[in-house]
Amino acid sequence: ITDKNYVRFLSNWKQENKPHVLLFDQMPPVPLIYKLTAFAYKDYLSFGYVDLGQRESEQMSSQYNINMYAPTMLVFKEHIHKPADVVQARGMKKQVIDDFISTNKFLLAARLTNQKLFQELCPVRKSHRQRKFCVVLLTGEGEPFRKTYESFLAFASANTKDTLRFVHVFKERQGELASALLGEDVHSAHSSTLAHIWTGSEDNKFSLLDFLDRLRKDPSVLSSETNLSDLNDELAPMFFLRWIYTAVDYWSDAWESVLHNNWREMMPLLSLIFSALFILFGTVIVQAFSDSNEEQNSVPSDKEEPGDKEKSSEANYSKESTRVPRKGFVEVTELTDVNYMSNLVKLRPGHMNVVLILSNSTKASLLQRFAQEVYMFTGSSSLHFSFLNLEKHREWLEYLLEFAQDAAPIAYQYDEHFFERDYTGYVLALNGHKKYFCLFKAQSTLEDEKLLDEAEHCPPGGGDTLRKISLGSGSGHIKKKLNKLSLWMERLLEGSLQRFYIPSWPMLD
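The model shown is predicted, which means the values in this text are computed figures rather than measured ones.

What follows covers the overall build of the chain. For the chain, the count of helices and strands is 19 helices and 15 strands. The long-range share in the chain, meaning contacts at least 24 apart out of those at least 6 apart in sequence, stands at 74%. With the model as given, the accessible surface of the chain reaches about 31100 Å², and the carbon-plus-sulfur share is 54%.

Structure follows, in structure tokens:
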């Protein structure tokens, strides 16, 4: 429910003959306990959910003075601008919800539409202590009888007591009930009819109040016994039409949201969809080409020497062992300013985005190795995988790393004015909801250590060795940066990694 449709939702009480309940909370998914409550009481009330984290709910929050820091439940009856009852609690327990709903199952002056509702509102009780008295207004339907009903509703609102129920009946729809109450058939229900027609005048009110006062003292004032047949089920024949109306309302809301919503707000969703399709088809095409190349490489020519055949088979084996498994692929989306809000800032609670840091020159090698390392963890629906281009968003990354206690700079850079820190191969697991991240630093290799030893013994003017350290030595060296990433992922799922908390997520420009 949003600011655009809440008035229409609450105004349906007249057609549905039900109170309407709104739950205000900051959880994007509707809480399970609220879904179960809505299902349990679906025959008595209509339920709606308001996400306080969305801008589309600000008008409602202000109008009903909603506390933003605790779940709030409002029930509306005949008056949509003022709730009939309110409950608010930080931990909305099932017992609290059930007690709240049970005491607000019916409208103040509900309309009798079927036998089940009649038995709920006007049950037959032999014990005087358990008796409930029903005050029934027999009225017509439509605008000419609106003032009559409104005056009856006002009287009911001012005289709410546990022993009294105020209901009304459309005489045209429940003809047998009206005839039985106004006739002289003797049998089952005890009743009495006021002498004057109800118009809502002061005389009517005093007369009814006097009768109800006498009724509390002496139930024998109900002088008539009437045999009541079962009520007509007014809603049963309209099921198909109500289903059509619901479908039309749904599609009209969907079309209105697409037509009038800000397209800038929809761009993250569209970007995510197109990125997924691009990765899907791209992976299929790359896999098809790699399969065809392997078939060609697996058939050596007759001119090849035995040694060449052995080398070719070894090369094919190494390529097969490092290739991403055929049965699936890892969906890795680039983290950009377009999808930044949906892929990180507004991630659902319990979900994490595992982000690989790369550059244009290392993209192909690192993505391939990254897919191999995390493939076994793709079965978890709470993990999302992305990559961040270091050349585009270096400032954003360095801002985050300032909060990591062990994120020290690379100590062996050649010249800080010409060579920047190399963060390629770093992996960050970002929890958007709780605002923390875990850090995997690129693994140093034996080749780096040898080059570093050479750099320590080289003359001050020799910078070639240090240049090799900063730039690496080919795709093989780059892939080794992600060694032990799978072990780090296991610790991430166990929850044993160090967490670095930040006050808020910076903008990704």
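On we go from here.
Summarizing the sequence annotation, UniProt attributes the feature "transmembrane region" (unreviewed entry) to residues 269-289 in the numbering used throughout. The span residues 269-289 shows a helical share of 100% and a strand share of 0%, and its end C-alpha atoms are spaced 31 Å apart.

Turning our attention to the pattern of salt bridges. In the structure shown here, the tally under the stated rule is 13 salt bridges. The residue Asp 43 makes a salt bridge to Lys 116 at a minimum N-O spacing of 3.5 Å. Taken together, the residues span a long stretch of sequence, with Asp 43 in the loop between α3 (32-40) and β2 (46-51) and Lys 116 in helix α6 (residues 115-121) at a distance of 73 residues. Taking the relative accessible area as the measure of exposure, Asp 43 reaches 46% and is therefore partly exposed. For Lys 392, the salt bridge goes to Glu 334, with nearest N and O atoms at 3.5 Å. Of the two residues, Lys 392 is situated in the loop between β12 (383-389) and α15 (394-401) and Glu 334 in strand β10 (residues 332-334); the sequence distance between them amounts to 58 residues. Taking relative accessible area as the criterion, Glu 334 reaches 22% and is therefore assigned partly exposed. Through salt bridges with shared partners, a single ionic network connects Lys 42, Asp 43 and Lys 116.

To continue, consider the sheet that holds β10. Read from one edge to the other, the open sheet built from six strands follows the order β10-β12-β11-β13-β14-β15, with strand pairing classed as mixed. Looking at which strands have only one partner, the edges of the open sheet turn out to be β10 and β15 (500-501). Note that strand β14 (residues 436-440) and β15 share two bridges and pair antiparallel. Bridge assignment links Tyr 436 to a residue of β15, and that residue is Tyr 501. Relative to the sheet, α15 contacts β11 (352-358), β12, β13 (427-431) and β14, its axis offset from that of β13 by approximately 75°.

Turning next to the pairing of β2. Buried residues dominate β2, accounting for six of its six residues. The alternating pattern of β2 places Ser 46, Gly 48 and Val 50 and Phe 47, Tyr 49 and Asp 51 on opposite faces, both of which are buried. Judged from the six bridges that link them, strand β1 (residues 20-25) and β2 form a sheet pairing that is parallel. From the neighbouring strand, Phe 24 faces β2, where its bridge partner is Val 50. Note on the crossover from β1 through α3 to β2: the handedness is right-handed.

As a further point, take the pairing of β12. Burial of β12 is extensive: six of the seven residues sit out of reach of the surface. Across three bridges, β10 lies against β12 in parallel orientation. Looking across to β12, one finds that Glu 334 is bridged to Phe 387. Taken together, the seven bridges between β11 and β12 define a ladder with parallel strand orientation. Bridge assignment links Ile 357 to a residue of β12, and that residue is Leu 388. Taken together, β11, helix α14 (residues 363-374) and β12 constitute a β-α-β crossover, and its handedness is right-handed.

Further remarks concern the packing of aromatic side chains. For the coordinates displayed, the defined rule picks out 14 aromatic pairs. Residues Tyr 44 and Phe 106 carry aromatic rings whose centres are separated by 5.9 Å and whose planes lie at 90° to one another, so their mutual orientation is edge-to-face. On the criterion of sequence distance, the pair formed by Tyr 44 in the loop between α3 and β2 and Phe 106 in the loop between α5 (94-102) and β5 (109-111) is long-range, its members being 62 residues apart. Both residues of the pair, Tyr 44 and Phe 106, belong to the buried class. Here a set of aromatic residues connected by ring pairs shows up, and it is made of Tyr 6, Tyr 64 and Phe 76. Sitting over the face of the ring of Tyr 44, Lys 105 holds its NZ or CZ atom 4.0 Å from the ring centroid.

About the cut-offs
- Every chain begins its residue count from 1, and numbering advances along the sequence as written.
- Only residues with pLDDT of at least 70 get local features here, since the model is predicted, and only at 80 or more are side-chain atom pairs given and counted; chain-wide, interface and lining totals rely on the full set of residues.
- Excluding hydrogens and water, the side-chain figures rest on all heavy atoms present in the structure.
- Comment: elements are numbered from the N terminus, with helices defined as DSSP H or I runs of at least four residues and strands as E runs of at least two.
- Should any heavy atoms of two residues lie within 4.5 Å, those residues are considered in contact.
- Surface accessibility in these figures is a Shrake-Rupley result with a 1.4 Å probe; residues are shielded only by whichever protein chains are displayed.
- UniProt positions are given in the numbering used here, feature names are shortened, and annotations may be inferred rather than shown by experiment.
- Definition used for salt bridges: Asp or Glu carboxyl oxygen within 4 Å of a side-chain nitrogen of Lys or Arg.
- The buried label goes to any residue with under 20% of its type's maximum accessible area, the exposed label to any with over 50%, and the partly exposed label to all in between, with areas taken from a 1.4 Å probe on protein chains only.
- In this analysis, strands are considered paired if DSSP registers two or more bridges between them.
- To get an axis, fit a line to the C-alpha atoms, keeping to the stretch in contact for a helix; angles then go from 0 to 180 degrees between the N-to-C directions.
- Crossovers are marked right-handed if the path from the first strand over the helix to the second runs clockwise, as seen with the strands pointing away from the viewer.
- The pairing test for Phe, Tyr and Trp rings, Trp by its six-membered ring, is centres within 6.5 Å, and the orientation test on the planes gives stacked under 30 degrees, edge-to-face over 60, and tilted for anything in between.
- We count a charge as sitting over a ring when the NZ of a lysine or the CZ of an arginine lies within 6 Å of the ring centre and within 35 degrees of the ring normal.

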